[in-house]
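Each chain, letter by letter, is given below.
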Amino acid sequence: SQELEQSPQSLIVQEGKNLTINCTSSKTLYGLYWYKQKYGEGLIFLMMLQKGGEEKSHEKITAKLDEKKQQSSLHITASQPSHAGIYLCGARHSGGYQKVTFGTGTKLQVIP
Amino acid sequence: DAGVTQSPTHLIKTRGQQVTLRCSPKSGHDTVSWYQQALGQGPQFIFQYYEEEERQRGNFPDRFSGHQFPNYSSELNVNALLLGDSALYLCASSPTGGATGELFFGEGSRLTVL
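An account of the accompanying structure is given in this report. Note that the structure is a prediction, hence the values are computed from the model and not measured.

On to the interface of chain B and chain A. Listed as interface residues are 25 residues of chain B and, on the opposing side, 22 residues of chain A. Each partner contributes to the roughly 1800 Å² buried at the junction of chain B and chain A, and carbon and sulfur atoms together form 54% of this total. When the buried area of chain B at its contact with chain A is split by residue, Gln56, Leu103 and Phe105 of chain B rank highest and sum to 23% of it. Viewed at the interface, chain A and chain B are joined by 5 residue pairs in polar contact (both at pLDDT 80 or more). Those elements that provide at least two residues to the side of chain B that touches chain A are β4 (31-37), β5 (44-50), β6 (53-57), β9 (87-94) and β10 (104-105) of chain B.

This is the structure:
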């Protein structure tokens, strides 16, 4: 979706290295989601951010929401082969129960 | 606590046929959304069901229809299948009418149209 841009589109990192994935929205954000997907499988929920400046962590993954810039970043510390997969950001551009729009994803490979 | 479950996991159809995909939401969730994910793309919103009614719809033709049952489970029906309908179909569920923002996905149903 052009409403949501992810960068980079793909990333290859050495095991143990840190990395950052960015998600930029062209519209006001009411909620920002991060999911991980293995090829051909369902989406695994990582985190949901709703307030400007909000930051959440899950194991070695941290996500932040910059509401003013309409951006979110996902940072992985000391990457492991288990982190490999496709990372998708999704956004609500209206309040309440409105649909979630997704970016095209960032494919992450971690080389041992 | 079972998460979102979908069936079947894989299926193959030919052009012009019809298909029905099924979804059981996570326990405690009452809202079901369906998404289509083509290869290499992000999921695209098809529609959302709440209280057995379609509440929102994405940019999909009328060949795509759905239903929600009193137990909150849902079906996605696609008529007159086209080659371009080949995709992973994902079901997602939310609690409290979707108001809390939580959205959990199933493993998907992989549809191949020949």
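Still more ground to cover, so stick around.
Let us look at the state of the cysteines. All names here are of chain A. For the coordinates displayed, the defined rule picks out 2 disulfides over all chains. Covalent S-S linkage joins Cys23 and Cys89, the inter-sulfur distance amounting to 2.1 Å. Taking the sign of the S-S torsion, about 75° here, the bridge from Cys23 to Cys89 comes out right-handed. Of this pair, Cys23 sits in strand β3 (residues 19-25) while Cys89 sits in strand β9 (residues 85-92), placing them 66 residues apart in sequence. For the pair formed by Cys23 and Cys89, the shared burial category is buried.

This paragraph deals with the environment of Asn22 of chain A. Residue and element names in this part refer to chain A. Position of Asn22 among the secondary structure elements: in strand β3. Judged by its relative accessible area of 32%, Asn22 falls in the partly exposed class. Taking the C-alpha atoms as reference points, Asn22 and Ile12, separated by 10 residues in sequence, lie 15 Å from one another. For Asn22, the residues in contact, after removing those within four places along its chain, are Glu5, Gln6, Ser7, Trp34, Ser72 and Ser73.

By secondary structure assignment, the location of Pro70 of chain B is in the loop between β7 (64-68) and β8 (74-78). C-alpha separation for the pair Pro70 of chain B and Glu52 of chain B, spaced 18 residues apart in sequence, amounts to 6.8 Å.

The next thing to look at is the side chain of Thr20 of chain B. Residues and elements named next belong to chain B. Within the secondary structure layout, Thr20 lies in strand β3 (residues 19-24). Classification of Thr20 by relative accessible area gives buried; the value is 19%. A polar contact of 2.9 Å, which involves the side chain of Thr20, links it to the side chain of Gln18. A distance of 2.6 Å separates the side chain of Thr20 from the side chain of Asn77, its partner in a polar contact.

What follows is about the layout of surface pockets. Gaps left between atoms are located by rolling a probe of water-molecule size over the structure's atoms. Residue and element names in this part refer to chain A. The calculated volume of the largest pocket comes to roughly 300 Å³. At the level of secondary structure, the elements contributing two or more residues to the lining of the largest pocket comprise β9 and β11 (106-111). Each residue belonging to the lining of the largest pocket can be placed in one class, and the counts come to 6 nonpolar, 9 polar and 3 charged.

This paragraph deals with the pattern of salt bridges. Residues and elements named next belong to chain A. Taken as a whole, this structure holds 5 salt bridges over all chains when the rule is applied. Here Lys27 and Glu3 are joined by a salt bridge, their closest N and O atoms 2.8 Å apart. With Lys27 in the loop between β3 and β4 (31-37) and Glu3 in the segment before β1 (4-7), this residue pair connects regions lying 24 residues apart in the sequence. Among the residues examined, Glu3 registers a relative accessible area of 23% and is labelled partly exposed. Between Glu54 and Lys56 there is a salt bridge, with the nearest N and O atoms lying 3.7 Å from each other.

Calculation notes
- Residues numbered from 1 in each chain as written.
- Chains lettered and ligands numbered in written order.
- Predicted model: local features only at pLDDT ≥ 70, side-chain atom pairs only at ≥ 80, totals over all residues.
- Heavy atoms only, no water.
- Contact = heavy atoms within 4.5 Å.
- Buried area = accessible area lost by both parts, 1.4 Å probe.
- Polar contact = N/O pair within 3.5 Å; in protein donor to acceptor, adjacent residues only side chain to side chain.
- Helix = DSSP H or I, 4+ residues; strand = E, 2+ residues; numbered from the N terminus.
- Disulfide = S-S within 2.5 Å.
- Buried < 20%, exposed > 50% of the residue type's maximum accessible area, 1.4 Å probe, protein only.
- 1 Å grid on protein atoms, 1.4 Å probe; cavity = no way out; pocket = protein on both sides within 12 Å on 5 of 7 lines; lining within 4 Å.
- Points joined across faces, edges and corners; volume = space filled by probe spheres on them.
- Nonpolar A, V, L, I, M, F, W, Y, C, P; charged D, E, K, R; others polar.
- Salt bridge = Lys/Arg side-chain N within 4 Å of Asp/Glu carboxyl O.

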